[in-house]
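Per-entry structural report
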Amino acid sequence: MQHTRSLSQQTPSNSLKVIFSGIQPTGIPHLGNYLGALRQWVHLQNTSDDSTTLIYSLVDLHAITLRQPPAQLRQWKRESLAMLLAIGLDPKRSTIFHQSTVPAHAELMWILSCQASTGYLGRMTQWKDKTSGEKEGSEKLKLGLFSYPVLQASDVLVHGATHVPVGEDQAQHLEFAREVARGFNHVYGDGTGPLMVPETIISSAKRVMSLTDPEAKMSKSHANPKSRILLTDSEDEIRGKINAAVTDSNAGVSYDPVQRPGVSNLIDILYHCTKGAGFADQVAQAKDLDGSSLRVVKQRVSDAIEGQVRPIRERYQEIISNDQLLDDASAEGTLKATISASATLAKVKQAIGLT
């Protein structure tokens, strides 16, 4: 379930929708990635009009803002592509590609960097969160991390995206892309220049929290592998992680993310894995479970997760061993994305006098 939110009065004038979204290829996606973003990608693919263009990128240039072992990055890229196919994305219907195979992304980033405000970038939440307290010379104080939002804006704008699915924590970056597009169009086209100003599609799916630290977001980078459910986890691994999930010693079952974050996280997972199961919200589902032991609740949650993960896990195992399928999907996605990006980049270069 999602809704479109315009962050200003300017909206795309093109009647044809172009939807763009991306994810870093930094290992097998976890349940939070799936419920928060990837499942929505499949839903958009399966419900959008045939006239809607859907573009999904594995943003490997973003992944190297932290140094990655080359062999590991190559493996992650392959696994991530296989997973996008396993969740149900169709390379014939959607454009699925690795960001680094389309140079227009990086080229437009440089052009936009010449317009972007360093003051604005310095106020970005992600930059402040990741560099807070760091001293001069720190490994984290890198230009790539500082200018990350400019590349993110380029990813969206180079394809003329009209709509971008984002979580609440990424809305600030999408607004930056909108500001960059408006500023560029004002300077080079009296407000009607070559860059589309996209709208956001905000997913209603709540962030899934860590199973071991339910006040923190579920993350691939957490040191404890029991903190997350991977989309390749076996049924036994899923049940083991859920049974070990942090809850509390309070009696009964209730939904209160502040006072009972662990129990509430399990209810969130159950609610989103079962798509509500007829309940109005998580509070109603918790009331239905009240009187059950937490052991029973964890059993229900494990069953719901396995119902979501099993078909994905089985398809993934088939796809990851099919080199030809992966090579063909990658080549097709790169070609389609290159054509899409080239059109916008040509207009931008003409507008600023490079051609």
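A few points on the structure.

Cut-off values and rules
- The residue numbers shown here count from 1 along each chain, following its written sequence.
- Residue-level local features of this predicted model are given only where pLDDT is at least 70; pairs of side-chain atoms are given and counted only at 80 or more, and the full residue set underlies all totals for whole chains, interfaces and linings.
- Where side-chain values are given, they derive from all heavy atoms of the structure, hydrogens and water being excluded.
- Only centres within 6.5 Å qualify two rings of Phe, Tyr or Trp (six-membered ring in Trp) as a pair; their planes then separate them into stacked at under 30 degrees, edge-to-face at over 60, and tilted for everything else.
- Under the scheme used here, helices are H or I runs from DSSP no shorter than 4 residues and strands are E runs no shorter than 2 residues, and both carry numbers assigned from the N terminus.
- Think of it in three bands: with a 1.4 Å probe and only protein chains considered, a residue is buried below 20% of the maximum accessible area for its type, exposed above 50%, and partly exposed in between.
- Salt bridges are defined as contacts in which a side-chain nitrogen from Lys or Arg sits within 4 Å of a carboxyl oxygen from Asp or Glu.
- One bridge is not enough; two strands pair if DSSP finds at least two bridges between them.
- Buried residues of nine kinds, namely Ala, Val, Leu, Ile, Met, Phe, Trp, Tyr and Cys, make up a nonpolar core once their side-chain atoms join them within 4.5 Å.
- Contact between two residues is taken to exist if any of their heavy atoms lie within 4.5 Å; hydrogens are not considered.

With that settled, the discussion passes to the packing of aromatic side chains. This structure, assessed with the given rule, holds two aromatic pairs. Seen from their ring centres, Trp41 and Tyr56 are 4.6 Å apart, and the 5° between their planes marks the pair as stacked. Taken together, the residues span a long stretch of sequence, with Trp41 in helix H1 (residues 31-47) and Tyr56 in strand S3 (residues 53-58) at a distance of 15 residues. Since its relative accessible area comes to 1%, Trp41 is described here as buried. We classify Tyr56 as buried; its relative accessible area is 0%. Here Phe184 and Tyr188 contribute two aromatic rings whose centre-to-centre distance is 4.8 Å and whose plane-to-plane angle is 40°, an arrangement assigned as tilted.

Time to look at the pattern of salt bridges. Pairs can form between side chains of opposite charge whenever their charged atoms are close. On inspection of all chains with the given rule, the structure shows 13 salt bridges. Note that Lys92 is salt-bridged to Glu332, the shortest N-O span being 3.5 Å. Linking Lys92 in the loop between helix H3 (70-86) and strand S4 (95-98) with Glu332 in helix H14 (residues 323-352), this pair joins segments that are 240 residues apart in sequence. Note on Lys92: relative accessible area 64%, which makes it exposed. The partly exposed category is assigned to Glu332, whose relative accessible area is 23%. Salt bridges sharing partners connect three or more residues here, namely Glu175, Arg178, Glu179 and Arg182.

Here strand S6 (residues 199-203) lies mainly inside the structure; five of its five residues are buried. A two-sided burial pattern is seen for S6, the buried positions comprising Glu199, Ile201 and Ser203 on one face and Thr200 and Ile202 on the other. Relative to S6, strand S5 (residues 163-166) is paired through four bridges, and the arrangement is parallel. Paired with Pro165 across the bridge in S6 is Ile201.

Another point: the nonpolar core. Counting 52 residues, the largest nonpolar core has Ile87 and Ile305 as the members making the most contacts within it. The greatest single-element share of this core, amounting to 10 residues, is contributed by helix H13 (residues 294-320). Once residues within four sequence positions are removed from consideration, Ile87 is found in contact with Tyr34, Leu38, Val42, Leu231, Ile312 and Arg315.

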